[in-house]
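What follows is the residue order along each chain.
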Amino acid sequence: QQPVQSPQAVILREGEDAVINCSSSKALYSVHWYRQKHGEAPVFLMILLKGGEQKGHEKISASFNEKKQQSSLYLTASQLSYSGTYFCGTESGSYIPTFGRGTSLIVHP
Amino acid sequence: DGGITQSPKYLFRKEGQNVTLSCEQNLNHDAMYWYRQDPGQGLRLIYYSQIVNDFQKGDIAEGYSVSREKKESFPLTVTSAQKNPTAFYLCASSLNSGTGSYGYTFGSGTRLTVV
């Protein structure tokens, strides 16, 4: 079953923060996060394994709450280059993620 | 540099034709995948292969076929049985998906249009 992402779209100004959520109705083994710019391939950001760990680098980080079957992606002090569509992919034991419909992020100067 | 190469970038298909999309990787990844992307739908899994000469149907395999004769190659054929093939097709690869969770590397995609 496809995970639910929220919000569907976010519009920010440079320097503002954003949070993108990903929820599943199934118990999760791991969560993937990807960013896709228009007409291009999705780019892998990070993967979180069950255990509730938080991962990240620079100003993009994520958390994984396996009890709530949720993950959140945090974008801090957003830059123009952060614009794109963010997808989460959730795994429930098959090692193959099912992707959400995506969250469109637009960062304005 | 290692990566995934998809060709062609754009493909036009006439009604009733079969077309084949190419996907080649030089990352030495065991697993390869085909996804279809439609506006607002996210990525939907068509087929995947965890090892040479073996592949499995994904969520929307009807009207598609694949082969995995070599580790580095995973072509997708869109057959005439696929009722609505116009979409953006993405190929991906990862380390062996049967032993753990690994991030995917995606190709740059093929945009297929039925004319």
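The sections below set out a description of the structure shown in this document. (Residues numbered from 1 in each chain as written. Chains lettered and ligands numbered in written order. Predicted model: local features only at pLDDT ≥ 70, side-chain atom pairs only at ≥ 80, totals over all residues. Heavy atoms only, no water.)

## Structural notes on the packing of aromatic side chains
Condition: Pairing of aromatic side chains requires ring centres within 6.5 Å, counting the rings of Phe and Tyr and the six-membered ring of Trp. Pairs whose planes differ by under 30 degrees are stacked, by over 60 edge-to-face, and all others tilted. Each helix is a run of DSSP H or I of at least 4 residues and each strand a run of E of at least 2, with the numbering of both proceeding from the N terminus. Here the term buried applies to any residue with accessible area under 20% of the maximum for its type, exposed to any over 50%, and partly exposed to those in between, with areas from a 1.4 Å probe on protein chains only. For a lysine, the NZ atom is tested; for an arginine, the CZ atom; a charge sits over a ring if that atom is within 6 Å of the ring centre and within 35 degrees of the ring normal.
Applying the stated criterion across every chain, the model contains 15 aromatic pairs over all chains. Here the aromatic rings of B:Y33 and B:Y104 are separated by 4.3 Å at their centres, their planes lie at 20°, and the arrangement is stacked. One end of the pair, B:Y33, is in strand β4 (residues 31-38); the other, B:Y104, is in the loop between β9 (87-94) and β10 (105-106), with 71 residues separating them in the sequence. Exposure remark for B:Y33: the relative accessible area of 0% places this residue in the buried category. Taking relative accessible area as the criterion, B:Y104 reaches 2% and is therefore assigned buried. Both rings, one in B:Y47 and one in B:F55, keep their centres 5.9 Å apart while their planes meet at 80°; by these two values the pair is edge-to-face. Residue classification places B:F55 among the partly exposed positions, given a relative accessible area of 35%. Ring pairing ties together the aromatic residues A:Y34, A:F44, A:F99, B:Y33, B:Y35, B:Y48, B:Y104 and B:F106, which thus form one cluster. If you follow B:R68 out to its NZ or CZ, it ends over the ring of B:F74, 6.0 Å from the centre.

## Things to note about the pattern of salt bridges
Residues and elements named next belong to chain B. The following threshold applies: One side-chain nitrogen of Lys or Arg within 4 Å of one carboxyl oxygen of Asp or Glu is enough to make a salt bridge.
One pass over the structure, following the stated rule, counts three salt bridges over all chains. The partner of D38 in a salt bridge is R36, and the shortest N-O contact between them spans 2.8 Å. Both residues of the pair, D38 and R36, belong to the buried class. Between D38 and R44 there is a salt bridge, and its shortest N-O distance comes to 2.8 Å. For D38, a relative accessible area of 13% puts it in the buried group.

## Some details on a nonpolar patch on the surface
Under the convention used in this document: Excluding any residue in a salt bridge, patches collect residues exceeding 30% relative accessible area, merging like charges within 9 Å and nonpolar Val, Leu, Ile, Met, Phe, Trp and Tyr side chains within 5 Å. Per-residue accessibility takes into account occlusion by the displayed protein chains alone, with areas from the Shrake-Rupley method and a 1.4 Å probe.
Together, B:Y10, B:F12 and B:V115 line one region of the surface with nonpolar side chains, adding up to about 370 Å² of accessible area. Summarising the element assignment, B:V115 is placed in the segment after β11 (110-114).

## Quick notes on the interface of chain B and chain A
Selection rule: The contact rule is simple, with two residues in contact once any of their heavy atoms fall within 4.5 Å. The quantity reported as buried area is the accessible area (1.4 Å probe) lost by two parts once they are put together, taken as the sum for both. Between N or O atoms, a polar contact is any pair within 3.5 Å; within protein, one atom must be a potential hydrogen donor and the other a potential acceptor, and residues adjacent in sequence are included only when both atoms are from side chains.
With 22 residues of chain B at the contact, the number on the chain A side is 22 residues. Summing both partners gives a buried area of about 1,600 Å² for chain B against chain A, and 58% of it is carried by carbon and sulfur. Considering only the surface of chain B that becomes buried against chain A, B:L43, B:S101 and B:Y104 emerge as the three largest contributors, covering 32% of it. In this structure, the connection of chain B to chain A is made through zero salt bridges. Across the chain B-chain A interface, the total number found is four residue pairs in polar contact (both at pLDDT 80 or more).

## Some thoughts on the state of the cysteines
The line we're drawing: We call a pair of cysteine sulfur atoms a disulfide whenever their separation is within 2.5 Å.
Tallied over the entire structure, the rule returns two disulfides over all chains. One disulfide in the model links A:C22 with A:C88; its S-S distance is 2.0 Å. Between A:C22 and A:C88 the disulfide shows an S-S torsion of about 75°. By sign, it is right-handed. Highlighted residues: A:C22 in strand β3 (residues 18-23) and A:C88 in strand β9 (residues 84-91), separated in sequence by 66 residues. Look at A:C22 and you get buried, because its relative accessible area is 1%. The disulfide that involves B:C23 links it to B:C91, with 1.9 Å between the sulfurs. Torsion about the S-S bond of the B:C23 and B:C91 cystine: about -75°, corresponding to left-handed handedness. Pair noted here: B:C23 is in strand β3 (residues 19-25) and B:C91 is in strand β9, with a separation of 68 residues, a long-range link. Assigned by exposure class, B:C23 and B:C91 land together as buried.

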